[in-house]
Amino acid sequence: MLLEKFQMLDRIDGFNPERSLLTASATVPKHSPVFEGHFPGHALMPGVLLLETMAQASGYLLMALDGFARMPFFANVKAANFRAFVLPGDELAIEAERDHAGSGFAVMSAQIRRGGQRVCDAQMTFRLVPFPAAALENHVRAEGQRLGFFGPAQAR
Amino acid sequence: MSSTFETIAGIIASTSDIPIEQITPDSHVMKDLEIDSLAFLDITFEIDRRFGIEVPLDRWLEQVNDGSVKSEDYFVLRNLCAQIDNLRAAAAT
């Protein structure tokens, strides 16, 4: 994870197109300017960044299912639950699943576990639109490559 | 038609807080009920789920935006219900 750049996922561990399911891993950094404000003397991973982590896993799942043809934009979040504190250095397992594929949108559910314990979960809706800028498409594809897409992870 | 309308009016009322008595077959989803595109995604999701169809929202919006179809043809409830009945019939064959 590189919180300052919103780089929330470290790698894709599994992608199952038949089940519309993706698993990924991320380690919360031990040090980040984010923790200077959240919170002094009691560093915690912000819930909004955990939500972003689930959103990114969902987004990459949608792009992988769609051949990286469209960009998923976060449209709606329902029932986000933050069940335990997430701390610097924690190793996280993220799972995202597509619950519904609509026309131009998708409804997703995602969760994050630490050592087998679920620490947060959410239901989210994404709009799927053509990439609005080539730079964004290039960035997303490069990130996809860094995470393990376009490689062995796709077949797992 | 009436049961489709009742189901859709119920979905709209439950997802948008619009009193169900304000929703009529002549209501335009966006112009009369002031449902925005984000709220309509929720409604579309519920319609898809309840009726086991996929409302082709992308295509409808594209047709409305390029002027080839009037928005009333898809988004006045009477017409929306007819479209959904057609989609259900097609899905059943």
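Check the entry above for the structure.
Just so you know, these numbers come straight off a predicted model, no measurement behind them. (Residues numbered from 1 in each chain as written. Chains lettered and ligands numbered in written order. Predicted model: local features only at pLDDT ≥ 70, side-chain atom pairs only at ≥ 80, totals over all residues. Heavy atoms only, no water.)

K.L.:
Whenever I open this one, the overall build of chain B confuses me. Can you help?
P.N.:
Of the regular secondary structure elements, chain B holds five helices and zero strands. When the elements of chain B are put in sequence order from the N terminus, they spell out α-α-α-α-α. Over its C-alpha trace chain B gives a radius of gyration of 12 Å, about what one expects of a compact globule, namely 12 Å for 93 residues. For chain B, the spread of C-alpha atoms along the principal axes amounts to about 35 × 30 × 20 Å. In chain B, which comprises 93 residues, the proportion classed as buried is 42%. Sequence-distant contacts, at least 24 apart, represent 55% of the contacts inside chain B between residues at least 6 apart. (Helix = DSSP H or I, 4+ residues; strand = E, 2+ residues; numbered from the N terminus. Rg over C-alpha atoms; globule rule 2.2 N^0.38 Å. Buried < 20%, exposed > 50% of the residue type's maximum accessible area, 1.4 Å probe, protein only. Contact = heavy atoms within 4.5 Å.)

K.L.:
Honestly, the interface of chain B and chain A in this entry has me stumped. Any pointers?
P.N.:
Interface size is commonly expressed as the accessible area that is lost once the parts come together. Every contact between the two is made by 13 residues of chain B and, on the other side, 13 residues of chain A. When the two sides are added together, the surface that chain B and chain A hide from each other amounts to roughly 1000 Å², 55% of it contributed by carbon and sulfur. For the pair chain B and chain A, the number of links is two salt bridges. As a salt-bridge pair, Asp-58 of chain B and Arg-70 of chain A come within 3.6 Å of each other at their nearest N and O atoms. Taken together, the links from chain B to chain A amount to six residue pairs in polar contact (both at pLDDT 80 or more). Of all the secondary structure elements, the ones that give two or more residues to the side of chain B that touches chain A are helix 2 (37–51) and helix 3 (57–65) of chain B. Top contributing element to the side of chain B that touches chain A by residue count: helix 2 of chain B, with seven residues. Of the residues that constitute the side of chain B that touches chain A, the class distribution is six nonpolar, two polar and five charged. (Buried area = accessible area lost by both parts, 1.4 Å probe. Salt bridge = Lys/Arg side-chain N within 4 Å of Asp/Glu carboxyl O. Polar contact = N/O pair within 3.5 Å; in protein donor to acceptor, adjacent residues only side chain to side chain. Nonpolar A, V, L, I, M, F, W, Y, C, P; charged D, E, K, R; others polar.)

K.L.:
Sorry, what's going on with helix 3 (residues 134–147) of chain A here?
P.N.:
The α-helix winds at 3.6 residues per turn, so residues separated by three or four positions along the chain end up facing the same way. Residue and element names in this part refer to chain A. The terminal C-alpha atoms of helix 3 lie 20 Å apart, and with 14 residues this matches the ideal 20 Å at 1.5 Å per residue to within 8%. Within helix 3, burial applies to Val-140, Glu-143, Gly-144 and Leu-147. Viewed end-on, helix 3 has its buried residues packed into an arc of 105°, placing them on one side of the element. Counted as exposed and oriented over 90 degrees from the buried face of helix 3: Ala-134, Ala-135, Asn-138 and Gln-145. Close packing links the buried residues of helix 3 with strand 1 (11–16), helix 2 (47–65) and strand 3 (70–82). Gly-148 sits one or two residues past helix 3 and shows a positive phi near 115°. (Expected span 1.5 Å × (residues − 1). Arc of directions from axis to C-beta.)

K.L.:
I tried to follow the sheet that holds strand 4 (residues 91–101) of chain A on my own but got confused; where do I start?
P.N.:
The strands making up a sheet associate through hydrogen bonds between their backbones, and the pairing can be parallel or antiparallel. Residues and elements named next belong to chain A. Spatial strand order, 1-2-4-5-6-3: six strands in an open sheet with antiparallel pairing. Pairing within the sheet leaves two strands with one partner each, and these edge strands are strand 1 and strand 3. Averaged over neighbouring strand pairs, the angle between their axes works out to 25° when direction is ignored. Alignment of strand 2 (residues 21–27) against strand 4, held across seven bridges, turns out to be antiparallel. Among the inter-strand pairings, Leu-22 is bridged to a residue of strand 4, identified as Ala-96. (Pairing = 2+ DSSP bridges. Axes fitted to C-alpha atoms, helices over the stretch in contact; angles between N-to-C directions.)

K.L.:
Looking at this structure, how should I read unusual backbone geometry?
P.N.:
Comment: phi is negative for the bulk of residues other than glycine, and the bulk of peptide bonds are trans. Of note, the bond from His-38 of chain A into Phe-39 of chain A is cis; its omega dihedral lies within 30 degrees of zero at -5°. Residue placement: Phe-39 of chain A occurs in the loop between helix 1 (34–37) and helix 2. Even without being a glycine, Ala-79 of chain A presents a positive backbone phi close to 50°. The topology assignment puts Ala-79 of chain A in strand 3. One non-glycine residue, Asp-17 of chain B, lies in the positive phi region at around 65°. Among the secondary structure elements, Asp-17 of chain B is positioned in the loop between helix 1 (2–16) and helix 2.

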